[in-house]
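Here is what each chain is made of, one letter per residue.
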Amino acid sequence: MTTAQNLRLDDGRTVSCTSPAEARMLWNEMVADGFYRQAAATLRPGDLVVDIGANIGLSAMMFADTDPAIRVIAAEPAPATYDCLRRNMAAHVPDGVALEVAVGAAPGVLPFTWYPRATANSSLYADRAADDEATAIFLRNSGLPDDAISLITRGLHDGEQIDVEVTTVSAILAAHDTTAEIGVLKIDVERAEFDVLLGITEADWSRIRAVVAEVHDYHGRLGEFCKVLDTHGLSPRTRQDPSLAGTELHEVYAVRA
């Protein structure tokens, strides 16, 4: 059983997490000047942010910090990670909603692989070999030698399979909101990102002003993902962080013209 720990952020706030090292890395991604921050800068008072794959809630906190007059709905299926999300939302996004659920193409129950030592890589479509390789490439691009990489990645993606409830974006909107414009739909679900798009009804697409996502480009999925966004009136841009060069990981930011 994973025990929650605390991490004190540079701004003085304390967050609940399963791994302080992982949480600090994730927070550094949130405060960097990337697509997430660019999307946050477009938020308006009264907007709704839907955070799919919220992990422990650091992205939800960043969005709420940008404009306190927004509402955040954050979804995370893994129980231990969700427990941290719930605590962090209560402490730092008190008007937000935390949901213990995965988000995909259709409601149901599906097997989910949770990595206790790398919670952000947990997924409905976990691929241990691919996850090990991506981590090794990232560490190598960051300047670490191979012996250190082998030590860090050994057992990093030892997973535990659990069954999780799955819902859709449109089902979440129907249950928790009926009128607000979706200022940002954030998606970080480790190879399930295309499924998330499939779970959005035609009526709800028109409410989405921006999408920011991490996309795994396997079997042409990056192009397919961007095509769906373009079809629904959102103009996508893509980038790959230099530290991830050689991996399938890309960022997408799409805005409505």
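For the structure itself, consult the block above.
Fair warning: this is a prediction, and the values are worked out from it, not measured in the lab.

Draft legend 1. Broad picture of the overall build of the protein chain. Looking only at helices and strands, the protein chain has ten helices and twelve strands in total. Its C-alpha radius of gyration of 17 Å places the protein chain within 12% of the 18 Å reference for a compact globule of 257 residues. In terms of principal-axis extent, the alpha carbons of the protein chain reach across some 55 × 40 × 35 Å. Across the 257 residues in the protein chain, those meeting the buried criterion constitute 53%. If you take every contact in the protein chain between residues at least 6 apart in sequence, the share linking residues at least 24 apart comes to 68%. When the accessible surface of the protein chain is totalled, it reaches about 11400 Å², and 52% of it is carbon and sulfur. Mean positive and mean negative side-chain charge positions of the protein chain (21 and 38 charges, respectively) differ by 4 Å.

Draft legend 2. View of the pattern of salt bridges. A complete count under the given rule lists 18 salt bridges for this structure. Taking the shortest distance from any N to any O, the salt bridge between D11 and R13 comes out at 2.8 Å. Note that R239 and D241 form a salt bridge whose closest N and O atoms lie 4.0 Å from each other. Given a relative accessible area of 30%, R239 falls into the partly exposed group. Overall, D241 belongs to the partly exposed group, its relative accessible area being 26%. Taken together, the shared-partner salt bridges connect R44, D47, E181 and R209 into one network.

Draft legend 3. View of the sheet that holds strand β6 (residues 102-103). Ordered by their spatial adjacency, three strands build an open sheet running β6-β8-β7, and the pairing between neighbours is mixed. The sheet is open, and its two borders are formed by β6 and β7 (108-114), each paired with just one other strand. Pairing between β7 and strand β8 (residues 160-167): seven bridges, direction antiparallel. By the bridge assignment for β8, P111 is matched with D163.

Draft legend 4. Just the sheet that holds strand β11 (residues 234-239), in detail. Strands sit in the order β5-β4-β3-β9-β10-β12-β11 across an open sheet of seven strands; the sheet is mixed. Since the sheet does not close on itself, it has two edges, and those belong to β5 (97-99) and β11, each with one partner. Between one strand axis and the next, the sheet turns by 15° as a mean value, whatever way the strands run. Each of β3 (48-52), β4 (71-75), β5 and β9 (182-187) touches helix α7 (residues 169-176); the most contacted strand, β3, lies at about 135° to it. Where helix α10 (residues 221-231) meets the sheet, its contacts fall on β9, β10 (210-216), β11 and β12 (249-256), and the angle it forms with β11 comes to roughly 155°.

Cut-offs applied
Residues numbered from 1 in each chain as written. Predicted model: local features only at pLDDT ≥ 70, side-chain atom pairs only at ≥ 80, totals over all residues. Heavy atoms only, no water. Helix = DSSP H or I, 4+ residues; strand = E, 2+ residues; numbered from the N terminus. Rg over C-alpha atoms; globule rule 2.2 N^0.38 Å. Buried < 20%, exposed > 50% of the residue type's maximum accessible area, 1.4 Å probe, protein only. Contact = heavy atoms within 4.5 Å. Areas by Shrake-Rupley, 256 points an atom, 1.4 Å probe, with all protein chains shown as cover. Lys, Arg positive; Asp, Glu negative; His and termini not counted. Charge placed at Lys NZ, Arg CZ, Asp CG, Glu CD. Salt bridge = Lys/Arg side-chain N within 4 Å of Asp/Glu carboxyl O. Pairing = 2+ DSSP bridges. Axes fitted to C-alpha atoms, helices over the stretch in contact; angles between N-to-C directions.

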